[in-house]
Amino acid sequence: MGAVMGTFSSLQTKQRRPSKDIAWWYYQYQRDKIEDELEMTMVCHRPEGLEQLEAQTNFTKRELQVLYRGFKNECPSGVVNEETFKQIYAQFFPHGDASTYAHYLFNAFDTTQAGSVKFEDFVTALSILLRGTVHEKLRWTFNLYDINKDGYINKEEMMDIVKAIYDMMGKYTYPVLKEDTPRQHVDVFFQKMDKNKDGIVTLDEFLESCQEDDNIMRSLQLFQNVI
Amino acid sequence: MAAGVAAWLPFARAAAIGWMPVANCPMPLAPADKNKRQDELIVLNVSGRRFQTWRTTLERYPDTLLGSTEKEFFFNEDTKEYFFDRDPEVFRCVLNFYRTGKLHYPRYECISAYDDELAFYGILPEIIGDCCYEEYKDRKRENAERLMDDNDSENNQESMPSLSFRQTMWRAFENPHTSTLALVFYYVTGFFIAVSVITNVVETVPCGTVPGSKELPCGERYSVAFFCLDTACVMIFTVEYLLRLFAAPSRYRFIRSVMSIIDVVAIMPYYIGLVMTNNEDVSGAFVTLRVFRVFRIFKFSRHSQGLRILGYTLKSCASELGFLLFSLTMAIIIFATVMFYAEKGSSASKFTSIPASFWYTIVTMTTLGYGDMVPKTIAGKIFGSICSLSGVLVIALPVPVIVSNFSRIYHQNQRADKRRAQKKARLARIRVAKTGSSNAYLHSKRNGLLNEALELAGTPEEEHVGKTTSLIESQHHHLLHCLEKTTNHEFIDEQMFEQNCMESSMQNYPSTRSPSLSSHPGLTTTCCSRRNKKTTHLPNSNLPATRLRSMQELSTIHIQGSEQPSLTTSRSSLNLKADDGLRPNCKTSQITTAIISIPTPPALTPEGESRPPPASPGPNTNIPSIASNVVKVSAL
């Protein structure tokens, strides 16, 4: 009987336990169960009021409503963790692997480095991206590229970002993706952005180079009417 | 694309701003939201019960009835609602599918009614969620079997369409109930099997004494009679076997099947006996062969369903039985050894060797206790009693386990096979749907480019090729298009990828005019270094590949640089040298003569030919329509 109980609880909790008496096993099993339930109840976040959000962002009430409905549908607990974020983003790019880029995106959204994105963070970032000024958008993008958030973009960070973008393409591309394609892309980028050729791109260099480039300016306006 | 995340598409598109500074090429235009209306509630009246939902909720799945314009057929002008004359209970599940993205199967619902409703609303049953899928499949299979049984019993009463004589015979053998003749044959063979088995048994019974000799078994006393009976039975069996062999659809498979082997083994002793009746030496072996006549009793398994099931379950539990046998053997060896050494000391002991002790151990462990071998020493008796006690445990314990294992393993095997088969099929279907969604993008890309080409050609009367996609779909495709532009590579499907790989590996040294894919490592992937058209490759041989490549060449129209005054009018290539990797401003757009390679719209061809490639960079006024669409590239 004890053996049966023991195997049952060890199966439940999927851990390697030394053989102790059954009371200990049963206690562990109960404790794990309680922990699971607590975890479920603890993370349930409600956003601030609609008026407050409307004041803080550039969205109208209706737009906020539509956004929140979509958000809540996918994340009923009110926060997005990185796993969910990656899954959602991966659905849009079925060809390749979007997880790395989603990771960087998540870090860019998660301004407080809390490990989860609340609706306020989500909406704030969207407000910048869709309704912000050019300056704000570029600053946000710089923040995205700056993986370690030290205020500078160096070549390795850029390599990571570009590699992540290329990963999203997947394997079946035309022309065939080669090994050094991302590196070349990064070299080209650095040649443009790094004005003083010191190997890192600062925010000012970035802003300046992007503002010189008509192409980039125009693309930034592309997603105006997304909502 | 799962439509539950359609609400996140704006976020994904906004996040695409992160690609912009990295991209080298201009981004395509976003699809305009032509009929941008506020999200409205629509009322769905299903047999009197009203459901309300947002319009965008329904539009998540545009290839279903409710998500497409098909629902307009059900719009009731007077009441301004959509009326469906269907079951409201099932509609609840269907509507929840739109809301949550998961389709559930209610257990109380009849499976065929549910299938009908799903078919009506244009929803594939394969997307039923994991929680309900197994139940759904089980019910469906049950239903299908039941319907099949009904059909079979119905068909038996009807007159069959004309089968060949062989097929009717085989059917008669397999299903004795199909015709009276088959039934007669079935019973006759059964009777003769019984007769043969009884004969074999009675042959050995001592039959009373003939005066003057000792008691004889009946077989030797009435040997002629028994011989005649045996002959008759064997003849019947031979005839039956030959008939089955003739009628079998696959003779090779029939010969290998268990039943036919049993048949052969049952009748062989008789023929062998006919061949070698007089030879005394071999008659010993011949007697042994007679034992095989007992296999005739297995012929009954054709007549008994239960025997067949038993045989099958034994076969499927062979590993459990094997384990039982192995553990028993271990115990026997251990105890036999112990008993042998314990009894070694005693005189006149029957335990002459360890194998001789096996017999004692088996008899004791199975609690038979014949008493022909008993231990005499004290140690022997002690170990003997331990042996019998443990025998009880060793024998009695596994038997219920095996019995329960039988049923458990039997059902589990069935369910595991089922699940495996379902999983493979499901994964295959999901894969198809996934490639469908990525192919959808490729299709719409081709169609979109074709549309643009048609617009360029200025033929307004040309039909708009391709189906109109929903707004969400077009926005998603625009997003993927932006990614392509950012990385300067394009999505293609597997076959073309492999083709390209093969072609590029087959390609020998390219001419200087046409850089190939693989042999120019210095080829930078700027927007302008687009692909060549291989001169050796016949454009007509592989139409889809050509078409795709020519579509890509079309797409390069927008940003084609013309730094090359030496750009020839050869049809075969967009001649771009790799040496000027960092191409400064590609300001112009030009249509090269590569357009000619497109097999379809012929309207384009004269257009393309008449346009000479401009020799100098400069705004090309011939094609104002393109310029409006194209964002000027500043190459990096």
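Presented here is an overview of the structure given in this document.

Scoring rules and cut-offs
Residues numbered from 1 in each chain as written. Chains lettered and ligands numbered in written order. Predicted model: local features only at pLDDT ≥ 70, side-chain atom pairs only at ≥ 80, totals over all residues. Heavy atoms only, no water. Helix = DSSP H or I, 4+ residues; strand = E, 2+ residues; numbered from the N terminus. Buried < 20%, exposed > 50% of the residue type's maximum accessible area, 1.4 Å probe, protein only. Contact = heavy atoms within 4.5 Å. Areas by Shrake-Rupley, 256 points an atom, 1.4 Å probe, with all protein chains shown as cover. Pairing = 2+ DSSP bridges. Axes fitted to C-alpha atoms, helices over the stretch in contact; angles between N-to-C directions. Parallel < 35°, antiparallel > 145°, perpendicular 65-115°, else oblique. Left-handed = near helix turned anticlockwise from the far one by under 90°. Nonpolar A, V, L, I, M, F, W, Y, C, P; charged D, E, K, R; others polar. Buried area = accessible area lost by both parts, 1.4 Å probe. Salt bridge = Lys/Arg side-chain N within 4 Å of Asp/Glu carboxyl O. Polar contact = N/O pair within 3.5 Å; in protein donor to acceptor, adjacent residues only side chain to side chain. Patch = residues over 30% accessible without salt bridge, like charges linked within 9 Å, V, L, I, M, F, W, Y side chains within 5 Å. Core = buried A, V, L, I, M, F, W, Y, C linked by side-chain atoms within 4.5 Å. Domains from an automatic or database assignment. Phe/Tyr/Trp six-rings, centres within 6.5 Å; stacked < 30°, edge-to-face > 60°. Lys NZ or Arg CZ within 6 Å of the ring centre and 35° of its normal.

It is worth spelling out the overall build of chain A at this point. The helix and strand inventory of chain A stands at 12 helices and five strands. Within the span of chain A, comprising 227 residues, buried residues form 43% of the whole. Put simply, of all contacts in chain A between residues at least 6 apart along the chain, 55% involve residues at least 24 apart. A total accessible area of about 11700 Å² is found for chain A, and carbon and sulfur atoms account for 54% of it.

It is worth spelling out the overall build of chain B at this point. Counting its secondary structure elements, chain B contains 22 helices and five strands. The buried share of chain B, taken over its 636 residues, is 40%. In chain B, 65% of the contacts between residues at least 6 apart in sequence involve partners at least 24 apart. When the accessible surface of chain B is summed, it comes to about 35000 Å², and 62% of that surface belongs to carbon and sulfur atoms.

Attention shifts here to the pairing of strand S2 (residues 49–54) of chain B. Residues and elements named next belong to chain B. Pairing between strand S1 (residues 41–46) and S2: six bridges, direction antiparallel. Of the residues in S2, the one forming a bridge with Leu-41 is Trp-54. The hairpin formed by S1 and S2 contains two residues between the paired strands, and Ser-47 there has a positive phi angle of roughly 50°.

All names here are of chain B. With five of six residues buried, S1 lies mostly within the body of the structure. Relative to strand S4 (residues 81–84), S1 runs parallel, the two being bridged by three bridges. Counted as the bridge partner of Leu-44 is Tyr-82 from S4.

Bringing helix H6 (residues 99–109) of chain A into the picture now. At 3.6 residues per turn, the α-helix brings residues three or four places apart onto the same side. The buried count for H6 of chain A comes to eight of 11 residues, which makes it a mostly enclosed element. Within the sequence span of H6 of chain A, burial applies to Tyr-101, Ala-102, Tyr-104, Leu-105, Phe-106, Asn-107, Ala-108 and Phe-109 of chain A.

As a further point, take the sheet that holds strand S3 (residues 75–76) of chain B. Residue and element names in this part refer to chain B. The four strands are arranged S2-S1-S4-S3 in an open sheet whose pairing can be described as mixed. A strand with exactly one partner marks an edge of an open sheet, and here the two such strands are S2 and S3. Seen against the sheet, helix H3 (residues 88–100) touches S1 and S2 and runs at an angle of roughly 5° to S2.

A few words now on the packing of H3 of chain B against helix H4 (residues 111–121) of chain B. Residue and element names in this part refer to chain B. Following both chains from N to C, one finds H3 and H4 inclined at 55°, their axes separated by 10 Å at the closest point. The angle between H3 and H4 places the two elements in the oblique class. H3 and H4 meet at a crossing whose hand is right-handed. Within the contact between the two elements, H3 uses Val-90, Phe-91 and Val-94 and H4 uses Tyr-114, Glu-117, Leu-118 and Tyr-121. When its residues are assigned to classes, the contact of H3 with H4 shows six nonpolar, no polar and one charged.

This brings us to the interface of chain A and chain B. Taken together, the contacts link 61 residues of chain A with 67 residues of chain B. With both chains or domains summed, chain A and chain B bury close to 6100 Å², and 68% of this area falls on carbon and sulfur atoms. If you sort the residues of chain A by the area they bury against chain B, Phe-92, Tyr-172 and Tyr-174 of chain A come out on top, with a joint share of 16%. Linking chain A with chain B are zero salt bridges. For the pair chain A and chain B, the interface holds five residue pairs in polar contact (both at pLDDT 80 or more). The biggest single contributor to the side of chain A that touches chain B is helix H10 (residues 181–193) of chain A, with eight residues.

Moving on: the pattern of salt bridges. Counted according to the given criterion, the structure contains 23 salt bridges over all chains. Salt-bridge contacts for Asp-213 of chain A lead to Lys-192 of chain A; the nearest nitrogen and oxygen are separated by 2.6 Å. Here Asp-213 of chain A is found in the loop between helix H11 (203–212) and helix H12 (214–220), whereas its partner Lys-192 of chain A is found in helix H10, with 21 residues between them in sequence. Here Asp-213 of chain A and Lys-192 of chain A have matching classes, each one buried. Close ionic contact of Asp-115 of chain B with Lys-140 of chain B constitutes a salt bridge, the shortest N to O distance being 3.6 Å. Here Asp-115 of chain B, found in helix H4, pairs with Lys-140 of chain B, found in helix H5 (residues 130–157); they are 25 residues apart in sequence, far enough to count as distant. Put simply, Glu-240, Arg-244, Asp-263 and Lys-299 of chain B are held in one network by salt bridges that share partners.

All names here are of chain B. Located in the positive-phi region is Lys-80, a residue other than glycine, with phi close to 55°. With respect to the helices, strands and loops of the structure, Lys-80 is situated in the loop between S3 and S4. Of note in the backbone geometry, Thr-367 takes a positive phi value of approximately 55° without being a glycine. The topology assignment puts Thr-367 in the loop between helix H15 (354–365) and helix H16 (378–396). A relative accessible area of 54% means that Thr-367 is categorised as exposed.

We now examine the packing of helix H14 (residues 318–343) of chain B against H15 of chain B. Residue and element names in this part refer to chain B. Taken N-terminus to C-terminus, the directions of H14 and H15 make an angle of 115°; their axes are 8 Å apart at the nearest point. Relative to H15, the crossing made by H14 is right-handed. For the pair H14 and H15, contact is made by Ala-331, Ile-332, Ile-333, Phe-335, Ala-336, Thr-337, Met-339, Phe-340 and Tyr-341 and by Ile-354, Ser-357, Phe-358, Tyr-360, Thr-361, Ile-362 and Met-365, respectively. Among the residues forming the contact of H14 with H15, the class breakdown is 13 nonpolar, three polar and no charged.

Here we come to a nonpolar patch on the surface. All names here are of chain B. Taken together, Leu-307, Leu-310, Leu-314 and Leu-321 make up a surface patch of nonpolar side chains, about 310 Å² in accessible area. A per-element tally of the nonpolar patch places helix H13 (residues 305–316) first, with three residues. You can see Leu-321 is positioned in helix H14.

This paragraph deals with the nonpolar core. Tyr-89, Phe-93, Leu-105, Phe-122 and Met-158 of chain A together with Phe-11 and Trp-19 of chain B are the most contacted members of the largest nonpolar core, which has 75 residues in total. Residue assignment places this core across two domains, with domain 1 (52–132) and domain 2 (138–226) of chain A each supplying three or more. Listed in part, the 27 residues of the second largest apolar core include Tyr-105, Ile-123, Ile-128 and Cys-132 of chain B.

Now for the packing of aromatic side chains. Under the counting rule described, the total for this entry stands at 47 aromatic pairs over all chains. On the basis of an interplanar angle of 55° and a centroid distance of 5.5 Å, the ring pair of Phe-142 of chain A and Phe-206 of chain A is categorised as tilted. Placement of the pair is Phe-142 of chain A in helix H8 (residues 134–145) and Phe-206 of chain A in helix H11, with a sequence separation of 64 residues. In terms of burial, Phe-142 of chain A and Phe-206 of chain A fall into one category: buried. On the numbers, 5.3 Å between centres and 65° between planes, the contact of Tyr-186 of chain B with Tyr-187 of chain B is edge-to-face. The cationic tip of Lys-155 of chain A hangs over the ring face of Phe-190 of chain A; the distance from NZ or CZ to the ring centre is 5.7 Å. Residue placement shows Arg-86 of chain B over the ring face of Phe-120 of chain B; its charged tip is 4.1 Å from the ring centre.

Purely spatial values, then, with no claim about function.
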